[in-house]
Amino acid sequence: MRPAREAEYTDYIQGRLPSLRRVAYLLCQDWQRADDLVQTAITRLYTHWGRARNAASIDAYARTILIRTFLAERRSAWSRRVTLFSAYPDLPAAADADPDTRLDVRAALASLPPRQRATLVLRFYCDLPVEETAAELGCAPGTVKSQTAKGLSALRRALDPVPAEEN
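These numbers come from a predicted model, not from an experiment.

Here is what the cut-offs are and how they apply
- Within every chain, residues take consecutive numbers counted from 1 along the sequence as written.
- Under the rules for a predicted model, residues below a pLDDT of 70 receive no local features and side-chain atom pairs below 80 are neither given nor counted, while totals for whole chains, interfaces and linings still include all residues.
- Note: side-chain values were computed over all heavy atoms of the structure, leaving out hydrogens and water.
- Note on aromatic pairs: the rings of Phe, Tyr and Trp (six-membered ring only in Trp) are paired at centre separations within 6.5 Å, and the planes decide the class, stacked below 30 degrees, edge-to-face beyond 60, tilted for the rest.
- For the purposes of this entry, the term helix denotes a DSSP run of H or I that reaches at least four residues, the term strand denotes a run of E that reaches at least two, and both are numbered from the N terminus.
- Only protein chains enter the accessibility calculation, which uses a 1.4 Å probe; a residue whose area is less than 20% of its type maximum is buried, one above 50% is exposed, and one in between is partly exposed.
- Salt bridges are defined as contacts in which a side-chain nitrogen from Lys or Arg sits within 4 Å of a carboxyl oxygen from Asp or Glu.
- The arc refers to the directions leading from the helix axis to the C-beta atoms.
- Take the number of residues in a helix, subtract one, and multiply by 1.5 Å to get its expected span.
- The contact criterion used throughout is that any non-hydrogen atoms of two residues lie within 4.5 Å.
- Counted as a polar contact is a pair of N or O atoms within 3.5 Å, where, for protein atoms, one must be capable of donating a hydrogen and the other of accepting one, and residues adjacent in sequence contribute only when both atoms are in side chains.
- The axes are straight lines fitted to the C-alpha atoms, using for helices just the contacting stretch, and the angles between their N-to-C directions are given from 0 to 180°.
- Oblique is the label for any angle not under 35 degrees, not over 145, and not in the 65 to 115 range, which are roughly parallel, roughly antiparallel and roughly perpendicular in turn.
- Helix crossings get a hand from a simple test, with the near helix turned counterclockwise from the far one by less than a right angle marking a left-handed crossing and a clockwise turn marking a right-handed one.
- Asp, Glu, Lys and Arg are counted as charged, while Ala, Val, Leu, Ile, Met, Phe, Trp, Tyr, Cys and Pro are counted as nonpolar; the rest, among them Gly, fall into the polar class.

Caption draft 1: Layout of the packing of aromatic side chains. Evaluated as defined, the whole model comprises four aromatic pairs. Centroid distance Tyr-9 to Tyr-46: 5.0 Å. Interplanar angle 75°. Geometry classified as edge-to-face. Pair noted here: Tyr-9 is in helix 1 (residues 3–28) and Tyr-46 is in helix 2 (residues 31–47), with a separation of 37 residues, a long-range link. The buried category is assigned to Tyr-9, whose relative accessible area is 10%. By relative accessible area, which is 31% here, Tyr-46 ends up partly exposed. Ring centres 5.4 Å apart and planes at 80° place the aromatic pair Tyr-9 and Trp-49 in the edge-to-face group.

Caption draft 2: Layout of the pattern of salt bridges. Taken as a whole and judged by the stated rule, the model has five salt bridges. Of the charged contacts, one joins Arg-33 and Glu-73 as a salt bridge, the two residues approaching to 2.9 Å between their closest N and O atoms. Residue Arg-33 is found in helix 2, and its partner Glu-73 is found in helix 4 (residues 58–75); the two are separated by 40 residues along the sequence. What makes Glu-73 partly exposed here is its relative accessible area of 21%. Here Glu-136 ties to Arg-63 by a salt bridge, and the two come within 3.0 Å at their closest N and O atoms.

Caption draft 3: Expanded view of helix 8 (residues 130–137). Val-130, Thr-133, Ala-134, Glu-136 and Leu-137 are the residues of helix 8 that are buried. Down the axis of helix 8, the smallest arc covering the buried residues is 165°, so these residues share one side. Along helix 8, the residues that are exposed and aim more than 90 degrees away from the buried face are Glu-131 and Ala-135. After helix 8 finishes, the residue Gly-138 shows a positive phi value of roughly 70°.

Caption draft 4: Quick look at helix 2. Between its terminal C-alpha atoms helix 2 stretches 24 Å, which fits the 24 Å expected from 17 residues at 1.5 Å a residue. Of all the residues in helix 2, the buried ones are Trp-31, Arg-33, Ala-34, Leu-37, Val-38, Ala-41, Ile-42 and Leu-45. Down the axis of helix 2, the sector holding all buried residues measures 165°, keeping them to one side. The secondary structure elements touched by the buried residues of helix 2 are helix 1, helix 3 (49–52) and helix 4. Sitting at the amino-terminal end of helix 2 is Asp-30, which places a side-chain oxygen 2.8 Å from the backbone nitrogen of Gln-32.

Caption draft 5: Up close: the environment of Leu-45. With respect to the element layout, Leu-45 can be found in helix 2. In this structure, the C-alpha to C-alpha distance between Leu-45 and Leu-66, residues 21 residues apart in sequence, is 9.3 Å. Beyond its immediate sequence surroundings of up to four residues, Leu-45 is in contact with Tyr-9, Tyr-12, Ile-13, Ala-52, Tyr-61, Ala-62 and Ile-65.

Caption draft 6: Examining the packing of helix 6 (residues 99–111) against helix 9 (residues 141–159) more closely. Interaxial distance between helix 6 and helix 9 falls to 9 Å at its minimum, and their mutual angle equals 135°. The orientation of helix 6 relative to helix 9 falls into the category oblique. Remark: the crossing between helix 6 and helix 9 carries right-handed chirality. For the pair formed by helix 6 and helix 9, the contact residues are Asp-104, Val-105, Ala-108 and Leu-109 on the first element and Leu-155, Ala-158 and Leu-159 on the second. In the contact of helix 6 with helix 9, the residues fall into six nonpolar, no polar and one charged.

Caption draft 7: Examining unusual backbone geometry more closely. In this structure, Gln-29 takes a positive phi of about 65° despite not being glycine. By secondary structure assignment, the location of Gln-29 is in the loop between helix 1 and helix 2. In the Ramachandran plot, Asp-127 falls in the positive-phi region, its phi being about 60° despite a non-glycine side chain. Relative to the elements of secondary structure, Asp-127 occurs in the loop between helix 7 (114–125) and helix 8.

In structure tokens, the structure reads:
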């Protein structure tokens, strides 16, 4: 890569690394795996930088690589056989956040299938419309809508208190 293009790539990554890392964490629920996911994604972005910098949105291009890397990793046999336990604590929560609620939401999000989790992260954390989410996931808008509905339904079931039995 030419020095000017390499500097452009480096500047882009330095500015976007924290947000890519947060999205990766929401997908995999582990900071170390999130770092590995981001590293793989930015390496792929580097190899396709010429195409990425000419894309309508470099952020969307990078996020698409990140999401597809996550989904490909989840499909591999390695991810089903190996479970890594984090020795590092999570980042501190915002001062006004309820820690119990945050843990409940995290656990509920982690329990979703990878495709539903990716759909919800793109739709609600990244605030993407259905069409952009479909483009990043490489699927039809109808699939995004159904995955969103199923994911939200599963989150509601996981987060709703158990109804009291009537006597």
